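Residue-level listing of the chains:
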Amino acid sequence: MSTAQHYTKYTRVWIPDPEEVWRSAEIIKDYKEGDKSLHLKLEDETLCEYPIDLQRNEMPFLRNPYILVGENDLTALSYLHEAAVLHNLKVRFLESNHIYTYCGIVLVAINPYEQLPIYEQDVIYAYSGQNTGDMDPHIFAVAEEAYKQMARDEKNQSIIVSGESGAGKTVSAKYAMHFFATVGGSASETNIEAKVLASNPIMEAIGNARTTMNDNSSRFGKYIQISFDTKYHIIGANMRTYLLEKSRVVFQAKDERNYHIFYQLCASASLPEFKDLGLTCAEDFFYTSQGGDTSIDGVDDAADFEKTRHAFTLLGVNESHQMTIFRIIAAILHLGNLEIQAERDGDACSISSKDEHLKDFCSLLGMERSQMQYWLCHRKLITRAETYVKTMSVQQVVNARNALAKHIYAQLFNWIVQHINKALHTTVKQHSFIGVLDIYGFETFEVNSFEQFCINYANEKLQQQFNSHVFKLEQEEYMKERIPWTLIDFYDNQPCIDLIEAKLGILDLLDEECKVPKGTDQNWAQKLYNQHAGHQHFKKPRMSSTSFIVLHFADKVEYQSQGFLEKNRDTVYEEQINILKASKYQMVADLFKDEKDVARTTSMGKGTAKVSVRSAIPVIKAANKECKKTVAHQFRNSLHLLMETLNATTPHYVRCIKPNDEKIPFKFDAKRVVQQLRACGVLETIRISAAGFPSRWTYIEFFNRYHVLMRKRHLSKNKKQLCQTLLEDLIKDPDKFQFGCTKIFFRAGQVAYLEKLRADKFRNATIMIQKTVRGWLQRVKYKRLIQAAVIIQRYTRGHLARRLAEHLRRTRAAIIFQKQYRMLRILRAFQRVRNATITIQAFARGMFVRRIYHKILAEHKATILQKYASGWLARTRFRRVRGATIVLQCYYRRMKARQQLKALKIEARSAQHLKKLNIGMENKVVQLQRKIDEQNKEYKLLNEQLSVLTSAHSSEVEKLKKELVQYQQSHQGEGNQLVSLQEEMERLQLELEKARGERKVMEDSHVREKDLLRKRISDLEEENALLKQEKEELKSRILCQSEDEFAGNTFEENIQMKKELEEERSRYQNLVKEYSGLEQRYDNLQDEMTVIKQAPGHRRSPSNQSSLESNSNYPSISPSEIGDTEDVIQQVEEVGMEKATMDMTLFLKLQKRVRELEQERSKLQTQLEKKEQERKKSHVTEMKTEMTSDHEDFAYNSLKRQELELENKKLKNELNELRKAIADQATQNNSSNDIQDSYNLLLNQLKSANEELEVRKEEVLVLRTQIMNAAQQKQSGKDMKSTSTNASWPNSDKHINQEDAIEAYQGMCETNRKTEDWGYLNEDGELGLAYQGLKQVARLLEAQLQDERRDHEEEVEVLRNEMSAMREEMEKQQQTLLQTLQLSPEAQWNFGLQQEITRLTNENLDLKELLEKLEKNEKKLKKQLKIYMRKVQDFEASQATVPEERRQHEHNMQVAVQRKEKHFQGMLEYCKEDEPLLIQNLITDLKPQAVSATVPCLPAYILYMCIRHADYISDDQKVHSLLTSTINGIKKVLKKHNNDFEMTSFWLANTCRLLHCLKQYSGDVGFMTQNTPKQNEHCLKNFDLTEYCQVLSHLSIQIYQQLIKVAEGILQPMIVSAVLENESIQGLSGVKPTGYRKRSTSMADGDTSYSLEAIIHQLNVFHGIMCAQGMDPEIMQQVFKQLFYMINAVALNNLLLRKDICSWSTGLQLRFNISQLEEWLHEKNLQQSGAAETLKPLIQAAQLLQLKKKTSEDAKAICSLCTSLTTQQIVKILNLYTPLNEFEERVTVAFIRNIQMYLQERNDPPQLLLDFKHMFPVLFPFNPSSITMDSIHLPASLNLEFLNKV
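Along each chain, residues carry numbers from 1 onward, in the same order as the chain's sequence is written. Only residues with pLDDT of 70 or above have their local features reported here, since the model is predicted, and side-chain atom pairs are shown and tallied only from 80 upward, although totals for entire chains, interfaces and linings are computed over all residues. With hydrogens and water stripped out, all remaining heavy atoms of the structure feed into the side-chain values.

1. Quick look at helix 41 (residues 1475-1484)
This is how the line gets drawn: Burial classes: relative accessible area under 20% of the type maximum marks a residue as buried, over 50% as exposed, and values in between as partly exposed (1.4 Å probe, protein chains only). Strands are runs of DSSP state E lasting at least two residues, helices are runs of H or I lasting at least four, and both sets are numbered from the N terminus onward. Here a residue-residue contact requires only that any non-hydrogen atoms of the pair lie within 4.5 Å.
Among the residues of helix 41, E1475, L1478, I1479, N1481, L1482 and I1483 are the ones counted as buried. Turning to helix 41, the residues buried within the fold contact helix 42 (1498-1512), helix 43 (1516-1536) and helix 44 (1541-1560).

2. Examining the pattern of salt bridges
We apply this condition: The salt bridge criterion pairs a side-chain nitrogen of Lys or Arg with a carboxyl oxygen of Asp or Glu, the two atoms within 4 Å.
The full count for this structure, using the stated rule, is 27 salt bridges. R219 is the salt-bridge partner of E245, the closest N and O atoms lying 2.5 Å from each other. Residue E245 is located in the loop between strand 12 (234-242) and helix 7 (260-267), and its partner R219 is located in the loop between strand 10 (217-218) and strand 11 (221-228); the two are separated by 26 residues in the primary sequence. Residue E245 is classed as buried on the basis of its relative accessible area, which comes to 13%. Judged by relative accessible area, R219 falls into the buried class, the value being 9%. D661 is paired through a salt bridge with R672; the nearest N and O atoms lie 2.9 Å apart.

3. Structural notes on a negative patch on the surface
So the rule is basically this: Like charges within 9 Å and nonpolar side chains (Val, Leu, Ile, Met, Phe, Trp, Tyr) within 5 Å are joined into patches, using only residues over 30% in relative accessible area that form no salt bridge. Using a 1.4 Å probe, accessible areas were evaluated by the Shrake-Rupley method; residue-level cover was limited to the displayed protein chains. The charge count includes Lys and Arg as positive and Asp and Glu as negative, but it does not include His or the ends of the chains. Think of each charge as sitting on NZ of Lys, CZ of Arg, CG of Asp or CD of Glu.
Taken together, the side chains of E1030, E1033, D1351, E1353, E1354 and E1355 define an acidic patch exposed on the protein surface. Going through the elements one at a time, helix 30 (975-1074) and helix 38 (1326-1381) are the ones with two or more residues in the negative patch. Counting residues per element, the negative patch draws most heavily on helix 38, at four residues. With respect to the helices and strands, E1355 occurs in helix 38.

4. Some details on the sheet that holds strand 22 (residues 695-698)
Cut-off, in case you're wondering: Any two strands with at least two DSSP-identified bridges between them are counted as paired. Note on geometry: axes are C-alpha line fits, over the in-contact stretch for helices, and angles between N-to-C directions span 0 to 180 degrees.
If you walk across this open sheet you meet the three strands as 22-24-23, and the pairing is antiparallel. Each end of this open sheet is capped by a strand with a single partner; those strands are strand 22 and strand 23 (737-739). Neighbour to neighbour, the strand axes of the sheet diverge by 20° on average, direction disregarded. Relative to strand 24 (residues 743-746), strand 22 runs antiparallel, the two sharing four bridges. Bridge pairing links W697 to I744 in strand 24.

5. Some words on the packing of helix 44 against helix 46 (residues 1586-1621)
Using the following cut-off: Angles below 35 degrees are treated as roughly parallel, those above 145 as roughly antiparallel, those between 65 and 115 as roughly perpendicular, and all remaining angles as oblique. By definition, turning the near helix anticlockwise from the far helix through less than a right angle yields a left-handed crossing, and turning it clockwise yields a right-handed one.
Packing of helix 44 against helix 46 leaves a shortest axis separation of 9 Å and a crossing angle of 160°. Here helix 46 runs roughly antiparallel to helix 44, going by the angle between their axes. As helix 44 packs across helix 46, the resulting crossing turns out to be left-handed. Residue-level contacts link F1541, T1544, S1545, W1547, L1548, T1551, C1552, L1554, L1555, L1558 and K1559 of helix 44 to C1589, L1592, S1593, L1595, S1596, I1599, Y1600, Q1602, L1603, V1606 and A1607 of helix 46.

6. Comments concerning the side chain of T1734
On the secondary structure map, T1734 appears in helix 50 (residues 1731-1734). Setting aside residues no more than four positions away along its own chain, T1734 makes contact with K1681, F1684, Y1685, N1688 and F1816.

7. Side note on the confidence of the model for the protein chain
Quick reminder of the rule: Summary of the metric used: pLDDT quantifies the predictor's per-residue confidence within the range 0 to 100.
Predicted confidence across the protein chain gives a mean pLDDT of 76, with 75% of residues reaching 70 or more. For the protein chain, helix 32 (residues 1103-1106) is the element with the lowest average pLDDT, namely 36, and helix 7 is the one with the highest, namely 93. Counting contacts from residues 598-627, a segment whose pLDDT is below 50, to residues more than four positions away or on other chains yields 35 contacts. Residue range residues 1091-1147 is modelled with pLDDT below 50. Its contacts to residues more than four positions away, or to other chains, number 63 contacts.

8. Here we look at the packing of aromatic side chains
Cut-off, in case you're wondering: Side-chain rings of Phe, Tyr and Trp (the six-membered ring for Trp) are treated as a pair once their centres are within 6.5 Å; stacked means planes under 30 degrees apart, edge-to-face means over 60, and tilted covers the remaining angles. Note on geometry: a ring has a charge over it if NZ (lysine) or CZ (arginine) is within 6 Å of the ring centre and within 35 degrees of the ring normal.
Within this structure, the stated rule accounts for 39 aromatic pairs. Ring centres of Y125 and F1812 lie 5.8 Å apart, and the angle between their planes is 90°; on these two criteria the pair is classed as edge-to-face. In this pair, Y125 sits in helix 3 (residues 121-127) while F1812 sits in the loop between helix 54 (1789-1798) and strand 28 (1844-1845), placing the two residues 1687 residues apart along the sequence. Taking relative accessible area as the criterion, F1812 reaches 5% and is therefore assigned buried. Three or more aromatic residues joined by ring pairs form one cluster here, namely F450, F453, W524, F538, F548, Y559 and F564. Lying across the ring of Y263, R257 places its NZ or CZ 4.0 Å from the centre. Over the ring of F1816 we find K1681; its NZ or CZ atom is 4.7 Å from the centre of that ring.

9. Focus: the sheet that holds strand 12
Pairing within the open sheet is mixed, and its seven strands lie in the order 6-7-21-8-17-11-12. Each having just a single partner strand, strand 6 (100-103) and strand 12 make up the two edges of the open sheet. Averaged over all adjacent pairs, the angle separating strand axes in this sheet is 20°, with direction ignored. Pairing of strand 11 with strand 12, which is carried by eight bridges, proceeds in the antiparallel orientation. From the neighbouring strand, K222 faces strand 12, where its bridge partner is T241.

10. Here's the deal with helix 10 (residues 319-336)
The condition that has to hold: One less than the residue count of a helix, multiplied by 1.5 Å, gives the span that helix is expected to have.
Over its 18 residues, helix 10 runs 26 Å from end to end, which matches the ideal 26 Å to within 8%, given 1.5 Å per residue. Summarising burial for helix 10: 15 of the 18 residues are buried, a large majority.

11. Some words on the nonpolar core
Let me state the cut-off plainly: Remark: nonpolar core denotes a set of buried residues (Ala, Val, Leu, Ile, Met, Phe, Trp, Tyr, Cys) joined through side-chain atoms within 4.5 Å.
Counting 328 residues, the largest nonpolar core has F180, F548 and I1502 as its most contacted members. Here this core takes 18 residues from helix 46, the largest share from any one element. Setting aside residues no more than four positions away along its own chain, I1502 makes contact with L1468, L1482, L1834, L1838, L1840 and L1843. Among the nonpolar cores identified, the runner-up in size contains 18 residues, and Y699, V751, Y753 and L754 belong to it.

12. A word on a nonpolar patch on the surface
Residues I769, V773, W776 and L777 make up a contiguous nonpolar surface patch of about 410 Å² in total accessible area. Looking at the secondary structure, you find I769 in helix 27 (residues 750-908).

13. A look at the environment of D17
Put simply, the rule reads: Polar contacts, as used here, are pairs of N or O atoms within 3.5 Å; protein pairs need one atom able to donate a hydrogen and one able to accept it. Residues neighboring in sequence count only if both atoms are side-chain atoms.
Along the chain, the position of D17 falls in strand 1 (residues 12-17). Looking at D17, the relative accessible area reads 18%, which means it is buried. Look past the residues within four positions of D17 in its chain and what remains in contact with it is W22 and R23. A polar atom in the side chain of D17 sits 2.7 Å from the backbone nitrogen of E20.

14. Description of the environment of E1621
You can see E1621 is positioned in helix 46. Taking the C-alpha atoms as reference, E1621 lies 7.9 Å from I1701; in sequence the two are 80 residues apart. Within the local environment of E1621, its side chain forms a polar contact with the side chain of R1698, the two groups lying 2.6 Å apart.

15. Structural notes on unusual backbone geometry
For N97, which is not a glycine, the phi torsion comes out positive at approximately 55°. With respect to the helices and strands, N97 occurs in the loop between helix 2 (82-95) and strand 6. At S1514, a residue that is not glycine, the phi angle is positive and equals roughly 60°.

16. Some words on the environment of Q1560
Tracing the chain through its elements places Q1560 in helix 44. Each C-alpha atom of the pair Q1560 and N1823 lies 8.6 Å from the other, and the pair is 263 residues apart in sequence. Residues contacting Q1560, with those up to four places away along its chain left out, are F1567, M1568, N1571, Q1575, C1579, F1822, P1824 and S1825. Of note is the side chain of Q1560, whose polar atom sits 2.9 Å from the backbone oxygen of S1825.

This is how it looks when you write it as structure tokens:
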């Protein structure tokens, strides 16, 4: 764009102003090329013309758009220049009261001269873990960025705090360290973070002083290096100091003070311990009264001195050293008050020996008065030839005295710094560090001396490093985005630095002049003129020959050379130092020892434990030593070391600005601020940014902001191409912008131009909307009139049409009536004629048909008679022949069968055959019952059929007889009729014979069916074998997997225990080694402790002592031990504190710690030994399990044998009864010979079966003895392996060899293969029974096969479903892949990451569910096995107790005897030795999933039942031991799983349930109102456990607090993103230009954003877990109330600290999100919990963002609505309110003042943020259980077999 396009009418610009620096104006006439001036209108409506230099073409600066005013980051401004920066800082400081502002990588901090509530602990937690650009500017944000980069990039960090005196450097550095101490607190008990903070009051006391600019000005530079370990906890710190202003000790200007420590000591001089110091008020001493007023308004020196002493104590400085420090400081004050008397000649002087100050000075430092008196007035001169003493003048003595005072204070300062470093030192290896540099800013005064020169030299070095770092960051940004860049011209102050420190520079010439014997300041200045007269940064003043001017980067400074040499030499006479070295106080002597003396003393002192810490500033040697280094040389070396440290770290800059010199709160002096901005490098940062591309947008942000400027034809492209096309259309100059990989870069002013185009587009759109709406309103009005007229016409025409329709309808109805009547009359006449005709025809046709029928019937009867006669003759002949044949066959076959039967019986009675049949004999006996049952069923069926036929036959015969009689009486002559009846009788007899033949056919079909079954059995056997093999493989795989997991877990636990033991051992050894001198006194105290020990036995301790159990593994101190410790302290005080060689409090803490570590070491050693013993015993238990399995086989065989005996007896009785019944029925049916023969045959079969049963009984007895022998052999020989292919029978879990059983039955049924005559082969009943047994076996196998097939089909169906699901999933993935291909690369990456996370989550859930199923199945099988084992054992016990008579009686009475279980009284008994195992299985190793399918809170019920039994037997020791172990076990589990919500919730529910049980069954009437009579029987009888109830209540509170902590830790990272940032309503949020901080390195690459659905899902998880575990509803309500309060507090605190989200759209989004949370509460029936009320402040904040904020009525409405918000919060939100568009208006200052005026009556707390860690008091209301103790079942999965039910 051209210049004329920018400077048009209504454009606002900045013009220079002598008072305000820059002043705003508005162009009232368009500028044209060539115009010499601009026509402007100022803010006060004054018109003026601004001249323009056409040669330089310097136009006035343009103002930024209104929407960009007040930005958090100055680099977000479109126009970057000095005026815009100054105005933005002024608006933020005065209107919004924001003291912090970002300027790229620099944090600009303006001193408000007022305490603001923005540094509380809650603010620290609010900034912790947040990205820098997300929160409002703050010193905590810079500290968090440094901390986060250190943890993420593994690189050391530095925070450089600079500024003028009084700008707030020290306070900013102190708050930064406070942040690190809070966020990175030490993991150990050393409390190192408190020591780091404790160093601040000490350093302020000895290094800070009052100046004309600041009441607490740091007069030295310091670099504090805070060390962190691998977990980023503070482990130590180190401090380096630079250039202490020693001259302040002896001289202060007007309105200034000496260092604070002098005034603090004088204010506390009245204390008893300071009586010997000889101090009075500060006005009485020369060194503290030169500046005039010795007090500071609002500062209490005495209170500050107490803080200083406390800090000394915290850092380990004992009382003796502290007193020595105060002696030295008091001695310096007395030294300044020495009276020096001049002699007559003036060249000599003296000090009176009676001078009290000299006396106090020497006594305080432990020196000889005479020597110091002499050498203060004399000096020693050493030449090559001789040494002589020379007197000094008064001025020389004063200078020597001042030099000595400065040197003493400097050495004391260095000693304190060394001791602080020693206290903050750590032996742990440093992983990384963060350095905080608090150094003086650029200084220029009316008189500038050596100190100002060194300070400005240091600032030159820091500015150079700052410029290079800013340029480096800009270069990295361009290279990362692949933007072509040119070298930016920035100010390089290397020439100025070379002028100072290069060879023959200012410092070199100064050191050279100091070496000259008679060097003077004038000579040094003349050398500077001669050497650097032509240097561009050096000038000589016109009116002075002793000063020089250096042109620094900030300003030119004139230095006075007077005093440079003296300050650089820092002369102290050696004789005075030697006197101090000979002091009787060791600490005073150590202060003045040089390096050689220190080395000599350390070599001479053998075995001493003194630690030598090297200072950052070397110890100053005597004045006449040639090797002494000058102050300038020392400062240059330390500065180079500092720069090396800073260059090796990532720097973060804080520039402190002083807004005015009067220290008035919130007053902005533009001249002073601009001067400091130029000096501190902020404007240089702006200039470097403006030279390149200062405005940077991502493609997504640019598209969201400016997509309104695009055209429809461009919308089909992707967003990146759209942005490129749009910019090419809007900005014609391609140099004004560049396209990077992820961002668009703009030159200065281009964003403002785009904002103007956007505002114009919105303005035009608004006009179009208004035009369209107005036209629409007119059209609606016109359409309404047209519609009314049409309605009137429609109703009129309708009325006329209805009249005509009525007339036509009546006419048509009359015609229809006439037509119907005529038709009906004619139809009736026709029907009469037709009916008559039909009747005549019917009678005629019937007569002819009857005649034909009678003829046919007669012929049919004759045919039937012939047929029956012929058939009877043929059948008679056939029966005769068949009967003869059958008789012959039967005799022959019977002979052969008897021969084979005898051979088989002989073989069967042999031993080998018995062994062969031994395998399937049990199955044979089992099948006998089934055979008889089947035969009984068939017999009953045949009997019923026969009875039916017999009854039908008899009834038919009787009927025929009666009819015959009737016919004979009525028709005696009709003989033919009698013949027909006889034929009918014969016919019935033939039918009877036919039925018998059909019966034989059925018997033949049985034989065929048997053959088919044999074939089918063989097929079933093959399939069953395959299925068994697969089943066994699965079982073995599951067993191997469970064994591997168990072994792995055991191994890991052992390794962890060993590791913990080694760590505790190392800690113990270090403590013993470090404090070996305390061992003797520790033994003495231990002997005294052992005297007062509790006697053994149960004693109910009060609740406060019971609650002393700590969450840690260390034992707590008993009250008796505390009392002994107090006695020891009293004894030590009586001896005297001066004789004590160590700090008593520290000694007692160490003593306690050593005792605890010793006890814990012994505990861990015993635990490790137990673990090893358990591991060794595991192999023994495995062998025992094999033996128990063999024993289970033997028990099973005995059980099966007894069952078979019972079944045989039962069968025998049933056979006898059946035989009698058949005989009775056979006697009743004697009418037919054939029927009688069949009955006899059946009776013979039953008799043979009975005989076979008797034989089988004998075989069972033989089998019984063989089973016993086999069991004994199997128990003795464990190497024998049993067969794996076993068939499962329905009545037991024992597997039987199916193939052997089938072979046995096939052997019994071999005779069936030789013949088909079933009656002959079944003569004795054996083969028939075998057939029936085989048939039953086949049915069983078929049923098993059907089950296996059904399972197989189900598995196939499941696989098909899985295949279909996988197909669907694949189709979904293909669709999502196609969708992602259409997105941008960044969106593809994010979408892919989300998909991968979802997939992994689902897989984890599926695997977890599968694992749970397998575990449940395994537990179920174990449970069944144990149940069957118990049944077998009970059965054997009952069988052993039954007398022999009872067994004999059971042969006749077949009744099964069952064991009757005793009544369970709800008590569980255990041995004292099993208590650790009980705690381990029920508490320590228990997982909530193990009891998920049982009664909720089952462990609590089990524990109470154990307690009840101990109460029942009145064992108080057992009660005490069990309850104590339970509480300690729960604490141990919670400590181990301190981040597991499910485990914490589980034990909270169980602890509360145990507490409720103790109350419900305590016997107290108040708790028994809801008990049933059965529950009242379960109450405690002997003990009152009220105190333990109190302990459990305290434990429940601790668990509840841990539960809240775990839940808050899960929810807190989601809250800000889900509640404030997530767009639940799309399209509302707007995007504003962002600064450097939004694109800084603090932004993590993988930041995760959460939606509101994620929070609701997590709340559902919490709710589901607590409901499943049976937690009380009242506790659940309190949990969610606490969580919702935390959501409200975190969201509101973040809203109060973020300007970018305080807008109308955010308020709407926030209100919608809160409504979703309220709806969730309603769904879960948690309305009564009070959770919704905790959200009121957040709801009112959202409403405040949406309300109007203009008039006084709006202010009153806000005050009446926002009752839950404090005044500060309301004002803060209004100050932060930021419009996102040009059409929104900011909140005016006047409106905020009105709000404050209306809210004056409120008594709100001054706190700005909510305490999100505040916890509501929890209540545990009594909730009795309806479950009785005797109804609780103990699952086998808990492994509590040692508990016995009582």
